[in-house]
Amino acid sequence: MDNVIIKKSSKVAAVDFVPAWGDLDGNIRRLAEAAEKVAEQGVDYAVFPETAVSGYLFSDSAELAPYLDTIPGKTTAAILPILARTGMYMSVGIAERDTDTGLAYNSAVLMGPEGIIGKYRKIGLNSQDQKVFAPGNTGVKTFNTPIGRIALLICYDDTYWQYVRLAALEGAQIIGWHSVSDRMMPNATPAEMLGDHSTVAHVQHMSAFNGAWVVCATRSGIETNPITHGQLYYNGGSSVWAPSGHKVAQSPVLSPLELEPGLNGIFCATISLDEADKQREALLAKRRPELYFPTLAFHRSPTDINATTTKVQTTLIAAQWDKSTSSLDTATVGENELLVLPELSALPYTNDPNVLLTHAEKQGGTFEQTITKIAAAGKGYVVGSYPEIDVDKLYHTVVLAGPAGEILARYRVTHLNERDKGWASAGNAVSVTSTPIGRIALAAAHELEVPELGGLYSTLRADIIAAPAGLPSDLRVEIESHLFSVDNPPTGRADFIPYAIATLNQLWVVCGGRHDRDFTSAAIYGPEPVVLTPTLTAERDAADVRLQAQVPAPYTWINQERLISGQQAIWFPPLTA
């Protein structure tokens, strides 16, 4: 693409397209008709769903085999003339047969006026994929086009933070995400409802952590396999997300409907490549690969001996204080409870480095003495943070005090925000401590925006991240509330970053924090908020929010062990470089 003029602003579209099960030729014709209609709207780049020319619900490889296509093949032959004539770029999901091996892959192909630009084969295979598809072998690639650098991902890939991060490290400005995000049918049994996860309920993290425009196409309607009579129900949710992590367009989320095959909706947004570059570069600059090397590149076995195996019950408590005060003198904890205080716990909230310098103290000083007394008095666990001085250096230090009145762990914040850079040095080690209530990791809430840190703690089999927080974030959960089965979905009221870290790493995240106007950073985030573990934020006038919780956390369709063993670590070395 040398000497090609790059458009700084483009119109993108997430397209809801409904394929007819097992009708390859008919679906290709409908796809071509849909591409024509999308191009008529002046769209520069259109994303169509996963397996758009075959359907998705197949019981085995023999059943799917007649409906596989090749790349290049029938689908590309039908679409490329339209793109050459209209100038539009387009990516679409295809059940692909490899011409050399005969293996089937869940693939997406990127095409434009100049022809086929590249393809991606899905790496993150779920249990349904594994019945019919081989694991993807292309890796995650970013393709240069005149409308920007585009990477492709497919559906369940969004369960893993690593794959979109690999695209960001290659400079992706736009992510095309192709999905058939299903829900349980309304007549499902209670046991079946525990699998009601819907991957489109996870897409916000791809933009928020990586500074890319994310164009998410999924289908609607009900799919019926006429051979097995199995059904999947899709309720839409195609969307476009800005590099800031905010949603800019979305299709309606509806109850199951019988729909005619073909185009079902076009959802557009205008994007700026400069916005993506600025946001991505700022986020990637916060990474510290030396901390992730080599752990994030290792394969982890399901039999990892570090993992907690005994289930225990504990109370998780996130303290909520006003931003203008410290309530350390009134903090209490009960036996085997975990209390997490707001960050810089002995002080009112401040952004002033001089104030923090003035209150810096050594290990074993007043602050540590205070929280050890609180922990000992209640025979519980307390986490807070303070400005630590060590010879000629200052650190933002998070500490864990235990029921015997001792400091069990200290963690010097490794990823500094702009405030902390004004006075603190970065720490050089993470912290996970085994306790009778689980493996507790320490962090400051603001540094969880670097997903490698949460990923590292998951790999080290932490059960809980105790993360003292400052003020509420401007970025909250914006995922459509109808995609949740719990009574109190977090949409609009929960800080997004710790919410995403809990789900992406299958652990509890507990943030003591401050309230500011109608919002709070005091919250408890569970690993499966769609069905089982609702996000809990502190009420406006409450001193805390608390939850009787199980450790390791209860799970539905995935847990930490399945998450880690399902990762394809062969692709991960760039995360540590």
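Basis of the calculations
- Here, residues in each chain are numbered from 1, in the same order as that chain's written sequence.
- For this predicted model, a pLDDT threshold of at least 70 governs which residues receive local features, and a threshold of 80 or more governs which side-chain atom pairs are given and counted, while totals over whole chains, interfaces and linings are taken from all residues.
- Here the side-chain values reflect all heavy atoms present in the structure, with hydrogen atoms and water set aside.
- For two strands to count as paired, DSSP must find a minimum of two bridges between them.
- By definition, any uninterrupted DSSP run of H or I lasting at least four residues is a helix, any uninterrupted run of E lasting at least two residues is a strand, and each is numbered from the N terminus.
- Domain boundaries shown here were taken from an automatic or database domain assignment.
- Residue contacts follow a heavy-atom distance rule, with two residues in contact if any of their heavy atoms lie within 4.5 Å.
- What gets called buried area is simply the loss in accessible area from a 1.4 Å probe that two parts show on being joined, summed for both.
- Salt bridge, as used here: a side-chain nitrogen of Lys or Arg that lies within 4 Å of a carboxyl oxygen of Asp or Glu.
- N or O atoms closer than or at 3.5 Å make up a polar contact, with two conditions inside protein: a donor-capable atom paired with an acceptor-capable one, and, for residues adjacent in sequence, both atoms drawn from side chains.
- Under the pairing criterion, centres of Phe, Tyr and Trp rings, with the six-membered ring standing for Trp, must be within 6.5 Å; the plane angle then separates stacked pairs below 30 degrees from edge-to-face pairs above 60, leaving the rest tilted.
- By the criterion adopted, a ring carries a charge over it if an Arg CZ or a Lys NZ lies within 6 Å of its centre and within 35 degrees of its normal.
- In this description, a nonpolar core means a group of buried Ala, Val, Leu, Ile, Met, Phe, Trp, Tyr and Cys residues linked to one another through side-chain atoms lying within 4.5 Å.
- Whether a residue is buried, partly exposed or exposed follows from its accessible area with a 1.4 Å probe, protein chains only, as a fraction of its type maximum: under 20%, in between, or over 50%, in that order.
- To estimate the expected span of a helix, count its residues, drop one, and scale the result by 1.5 Å.
- Note that the arc is computed from the directions linking the helix axis to the C-beta atoms.

Here we look at the sheet that holds strand E22 (residues 438-442)
The 6 strands are arranged E21-E22-E23-E24-E27-E28 in an open sheet whose pairing can be described as mixed. Across the chains shown, the open sheet's two edge strands, defined by having one partner strand only, are strand E21 (432-435) and strand E28 (536-537). Relative to strand E23 (residues 464-466), E22 runs parallel, the two sharing 3 bridges. Paired with leucine 442 across the bridge in E23 is alanine 466.

What about the domain arrangement of the protein chain?
Domains assigned within the protein chain are domain 1 (10-286) and domain 2 (312-575). Computed over C-alpha atoms, the centres of domain 1 and domain 2 are 34 Å apart. Of the residues lining the interface, 39 residues belong to domain 1; the matching set on domain 2 comes to 40 residues. Across the domain 1 to domain 2 interface the summed buried area is about 3,500 Å²; carbon plus sulfur atoms make up 66%. Counting the contacts that link domain 1 with domain 2 gives 2 salt bridges. A salt bridge links lysine 286 to glutamate 449, with the nearest nitrogen and oxygen atoms 2.5 Å apart. Counting across the domain 1 and domain 2 interface gives 13 residue pairs in polar contact (both at pLDDT 80 or more). At the level of elements, helix H4 (161-169), helix H6 (204-208) and strand E14 (247-250) are the ones that each hand at least two residues to the side of domain 1 that touches domain 2.

A closer look at the packing of aromatic side chains
This structure, assessed with the given rule, holds 11 aromatic pairs. Arranged with centres 5.5 Å apart and planes meeting at 65 degrees, the rings of tyrosine 160 and tyrosine 163 form a pair that is edge-to-face. Three or more aromatic residues joined by ring pairs make a cluster, and in this case those are Tyr156, Tyr160, Tyr163, Trp557 and Phe572. One residue, arginine 412, lies across the ring of tyrosine 395, its end atom 4.0 Å from the ring centre.

What about the nonpolar core?
By size, the foremost hydrophobic cluster in this structure holds 126 residues, and its most contacted members are Tyr45 and Ile465. The element best represented in this core is helix H13 (residues 496-505), accounting for 7 residues. When residues of this core are sorted by domain, at least three fall in each of domain 1 (10-286) and domain 2 (312-575). Judged by nonpolar contacts, the second largest core, of 27 residues, contains Ala34, Ile71, Met90 and Ile266.

Overview of unusual backbone geometry
For residues that are not glycine, phi is negative in most cases, and the peptide bond is trans in most cases. In this structure, the amide linkage connecting phenylalanine 293 to the following residue, proline 294, adopts the cis form with an omega of -5 degrees. With respect to the secondary-structure elements, proline 294 resides in the loop between helix H8 (289-292) and strand E16 (312-322). With phi around 40 degrees, cysteine 155 is a residue other than glycine that occupies positive phi space. Take cysteine 155: it is sitting in the loop between strand E7 (148-154) and H4.

Let's talk about the pattern of salt bridges
Where charged atoms from two side chains of opposite charge come close, those side chains can pair. Per the stated rule, a full pass over the model turns up 29 salt bridges. A salt bridge links glutamate 33 to arginine 29; the shortest N-O distance between them is 3.5 Å. Of the two residues, glutamate 33 and arginine 29 both sit in helix H1 (residues 24-40), 4 residues apart, roughly one turn of that helix. Judged by its relative accessible area of 41%, glutamate 33 is partly exposed.

Side note on the side chain of threonine 537
Position of threonine 537 relative to the elements: it lies in strand E28. Engagement of the side chain of threonine 537 in a polar contact is seen with the side chain of arginine 493, the distance being 2.7 Å.

Side note on helix H10 (residues 366-378)
Its 13 residues place the ends of H10 19 Å apart at the C-alpha level, agreeing with the 18 Å of an ideal helix rising 1.5 Å per residue. Turning to H10, its buried residues are Phe367, Glu368, Ile371, Thr372, Ile374, Ala375 and Gly378. Down the axis of H10, the sector holding all buried residues measures 155 degrees, keeping them to one side. In H10, the exposed positions that point more than 90 degrees away from the buried face belong to Thr366, Lys373 and Ala377.

Brief notes about the environment of proline 490
If you trace the backbone, proline 490 turns up in the loop between E23 and H13. Under the relative-accessibility criterion, proline 490 is labelled buried at 0%. As for proline 490 and proline 529, which are separated by 39 residues in sequence, their C-alpha atoms are 8.2 Å apart. Leave out the neighbours within four places in its chain, and proline 490 touches Val477, Phe484, Tyr499 and Thr535.

Observations regarding the environment of alanine 502
Within the element layout of this structure, alanine 502 appears in helix H13. Note on alanine 502: relative accessible area 0%, which makes it buried. Along the sequence, alanine 502 and tyrosine 525 sit 23 residues apart, while their C-alpha atoms lie 6.1 Å from each other. When neighbours within four sequence positions are excluded, alanine 502 is seen to be in contact with Leu507, Val509, Tyr525, Gly526 and Pro527.

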